[in-house]
Structures are given as C-alpha cells and as structure tokens.
Amino acid sequence: MSGHRTTSETHRSPDTATDVVRWAVFSCVLVPLVLLWYGTSLAGATGTALGLAAVTAACRVLLRRSEQGAARLSAEEQPPHRGHRHRAQAGAHRGGRHAGGSTPVD
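From a predicted model like this one, the values you see are computed outputs, not experimental measurements. (Residues numbered from 1 in each chain as written. Predicted model: local features only at pLDDT ≥ 70, side-chain atom pairs only at ≥ 80, totals over all residues. Heavy atoms only, no water.)

**Q** Would you explain helix H2 (residues 16-37) in this entry?
**A** Given 3.6 residues to a turn, an α-helix orients residues that are three or four positions apart in the same direction. Its 22 residues give H2 an end-to-end C-alpha distance of 31 Å, which sits within 8% of 32 Å, the value for a rise of 1.5 Å per residue. When H2 is considered as a whole, its buried residues turn out to be Ala17, Thr18, Val21, Cys28 and Pro32. Check the buried side of H2 and you find it contacts helix H3 (42-77). Of the residues trailing H2, Gly39 is marked for its positive phi of about 100°. (Helix = DSSP H or I, 4+ residues; strand = E, 2+ residues; numbered from the N terminus. Expected span 1.5 Å × (residues − 1). Buried < 20%, exposed > 50% of the residue type's maximum accessible area, 1.4 Å probe, protein only. Contact = heavy atoms within 4.5 Å.)

**Q** Explain the confidence of the model for the protein chain here, please?
**A** Atomic detail in the predicted coordinates should be set aside for any region of low pLDDT. On average, residues of the protein chain score 77 in pLDDT, and 60% of them reach the 70 mark or higher. Within the model, pLDDT remains below 50 along residues 7-11, and this stretch shows one contact once partners closer than five positions in the same chain are excluded. (pLDDT = per-residue confidence, 0-100.)

**Q** Can you help me understand the packing of aromatic side chains in this one?
**A** Applying the stated rule across the entire model yields one aromatic pair. Residues Trp23 and Phe26 carry aromatic rings whose centres are separated by 5.8 Å and whose planes lie at 90° to one another, so their mutual orientation is edge-to-face. In this pair, Trp23 and Phe26 are both assigned in helix H2, three residues apart and thus about one turn of the helix distant. (Phe/Tyr/Trp six-rings, centres within 6.5 Å; stacked < 30°, edge-to-face > 60°.)

**Q** What is the right way to look at the pattern of salt bridges in this model?
**A** Side chains that differ in charge, positive against negative, can pair when their charged atoms come close. Inspection of the entire model under this criterion finds one salt bridge. One salt bridge connects Glu67 with Arg64, and the closest N-O pair in it is separated by 3.2 Å. Residue Glu67 and its partner Arg64 are located together in helix H3, separated by three residues, close to a single helical turn. With a relative accessible area of 29%, Glu67 lands in the partly exposed category. (Salt bridge = Lys/Arg side-chain N within 4 Å of Asp/Glu carboxyl O.)

**Q** What is the right way to read the environment of Cys59 from this model?
**A** Along the chain, Cys59 turns up in helix H3. Here the alpha-carbon distance between Cys59 and Val21, two residues 38 residues apart in the chain, equals 8.0 Å.

Have a look at this one:
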C-alpha cells in the first residue's frame, strides 16, 4: 500500500478557530455576490458584506480568547510529575497479606 501515513499526519490536531474564520470570510464574499446575482441593489449587498464582516471579526476575537483561556486552564490543571521519589513509604503495602505480628487465635 503506497498511501501509508506517518504518525504525525494521522494525529494532527486541527485549528478549528482558523477553519471557522476561513469559512466566515468565504461567506462574506459569497453571500453579497449571490445577492447581486439575484437582483439586490449594490448598496444592499455592500451593507450585507459589512455586517457579515463585523460579525466575523467579533467571532474571531471571541474564539481566540476562548482558545487562550482553555490553554491557560489546561496548563494550570496538569498534575505535577511524580517520579521515583514519591513512591509509597517503606512498609506501606497495597493489599495482600500483612507482614508481621503473628498472634495465635484461640
């Protein structure tokens, strides 16, 4: 099979905010063209384009803020690394039989 992908290609995380903004910009161009095609006035199509551009800009700002806040929150919530120094103390056992203290049962 010649279409073998490497690990970095299959686990690439998409930049969703950029994709949303690209589609919004595409719509800012396409919608006024369609309006002109169907007979809307140039002023109406221009007003629509400006309105869509304003909404797109506001959404872009909000998406970027949201991404930055999520990145900051995930960086704060990561647990500290536990190395070999933080193992259970000597004598502490996790389940199993307890060693020591053999008292006869009557």
